[in-house]
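Structure at a glance
Here are the chains, one letter per residue:
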Amino acid sequence: MEDDAPVIYGLEFQARALTAQTAETDAIRFLVGTQSLKFDNQIHIIDFDDENNMINKNVLLHDAGEIWHISGSPADKAVLTTCYNKTSESRVLTCAAVWRMPPEWESGSHESPDDSSNNPQTLELLCHLDNTAHGSMACVLWEPMGDGKRVISLAENHVLLWDLQESSTKATISSSATLEGKGQLKFTAGKWSPHHNSTQLATANDTAIRGWDLRSMSQIYCIENAHGQLVRDLDFNPNKQYYLASCGDDCKVKFWDVRHINEPVKCLEEHSHWVWSVRYNHSHDQLLLTGSSDSRVILSNMVSISSEPFGHLVDDDDLSDNEENQQEDKGKEPLQDSIIATYEEHEDSVYAVEWSAADPWLFASLSYDGRLDKLTFQASAG
């Protein structure tokens, strides 16, 4: 792999919340939510033009509060959820809501991006995910590859499964589960599995990782002490249904087969501080991104535990006799895992990394200094 120089986009406010717009598969588009205590917060709609190596942006007002988590609907590119801080009766509560972009911004037209920054329009509130009885929200997760009608929210020690109406203007809780046991009974992260007909969920609380069956809302596995310190993030391998990656404050990235939870399948120790974010590439599951408080983004090649541990399958007709012998030799053992690249453009903690939904070779990373780095890389010819 070869990495190109990053294209850097600076935000006016600090930010921690980043997501790829998964329903948009034509444009390379990311959404960023800001955290400002003094000013109205914003959603930045950021398009990357890879042909001209340029960034185009639109800005929408999010006047509900500072944004801690953002996620786009997989079915409607105009719809998104945010988790945001709200002061209620002298205490701060993290709430969640479903929003719609104004019609003129849905297409991502960027004829006058400067005007959008100076005179931003406001997001349309579709509905609140009213969680006052359950405490602060950690995140909202859309059903993977779903029709945009089901979301899960993690609130304190509760898993809430919501049904959204056709227009997303009303949300009702269809089922729920409560985390019970010792330790810090508060969810820090979760991931809805794209496998098993979207009936499973993985959550992190304290140092533990738990699996849930959403049909019965019951726990199906628990990895106690999955990390030595707080677990920060999770992601499922898109091609291997039982494989899960996790990262945490012990500076480690671990890979699990949830059928055999006594030991991780692999462990990476490349970061020197808390690892905040871990993401599998959607198309090539050997590629893994991690972002850390050591200000670095690391791109790893975890080929030995990927869906193609012996390399890509090659058509026999394309091989000469000599190449065929080499291919057979190579195929006897799994390929070696390695670090492809380390990106050190950030000056502060990297809180989020996300792959583009439209281009499997491009990703974005976000650090709290308000800089969103778009870093591209491509397959080498060799």
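As annotated in an unreviewed UniProt entry, the protein chain is EIPR1-like beta-propeller domain-containing protein from Cirrhinus molitorella.

Describing the packing of aromatic side chains
Under the definition given, this model contains eight aromatic pairs. When the ring of W274 is compared with that of W276, the centres are 6.2 Å apart and the planes differ by 55 degrees; the resulting orientation is tilted. Of the aromatic side chains, those joined through ring pairs into one cluster are W274, W276, Y351 and Y368. Across the ring face of Y351, the terminal group of R16 is positioned such that the distance to the ring centre comes to 4.1 Å.

Things to note about the sheet that holds strand β6 (residues 54-62)
The strand order across the open sheet built from five strands is β3-β4-β5-β6-β10, with neighbouring strands paired in mixed fashion. Bordering the open sheet on either side are β3 (15-20) and β10 (121-122), each of which pairs with just one other strand. Bridge analysis of strand β4 (residues 28-34) against strand β5 (residues 41-49) gives six bridges, and the strand direction is antiparallel. Across the sheet, G33 pairs through a bridge with I43, a residue of β5.

Regarding unusual backbone geometry
Look at H196: it is not a glycine, yet its phi comes out positive at around 55 degrees. Owing to a relative accessible area of 23%, H196 belongs among the partly exposed residues under this scheme.

Describing the pairing of strand β24 (residues 275-280)
With six of six residues buried, β24 is to be regarded as a mostly interior element. One ladder, built from five bridges, connects β24 with strand β25 (residues 287-292); its direction is antiparallel. Each bridged residue has a counterpart across the sheet, and for Y280 the counterpart in β25 is L288. Linking β24 back to β25 in an antiparallel pair, the connection comprises six residues.

Quick notes on the rules
Residues numbered from 1 in each chain as written. Predicted model: local features only at pLDDT ≥ 70, side-chain atom pairs only at ≥ 80, totals over all residues. Heavy atoms only, no water. Phe/Tyr/Trp six-rings, centres within 6.5 Å; stacked < 30°, edge-to-face > 60°. Lys NZ or Arg CZ within 6 Å of the ring centre and 35° of its normal. Pairing = 2+ DSSP bridges. Helix = DSSP H or I, 4+ residues; strand = E, 2+ residues; numbered from the N terminus. Buried < 20%, exposed > 50% of the residue type's maximum accessible area, 1.4 Å probe, protein only.

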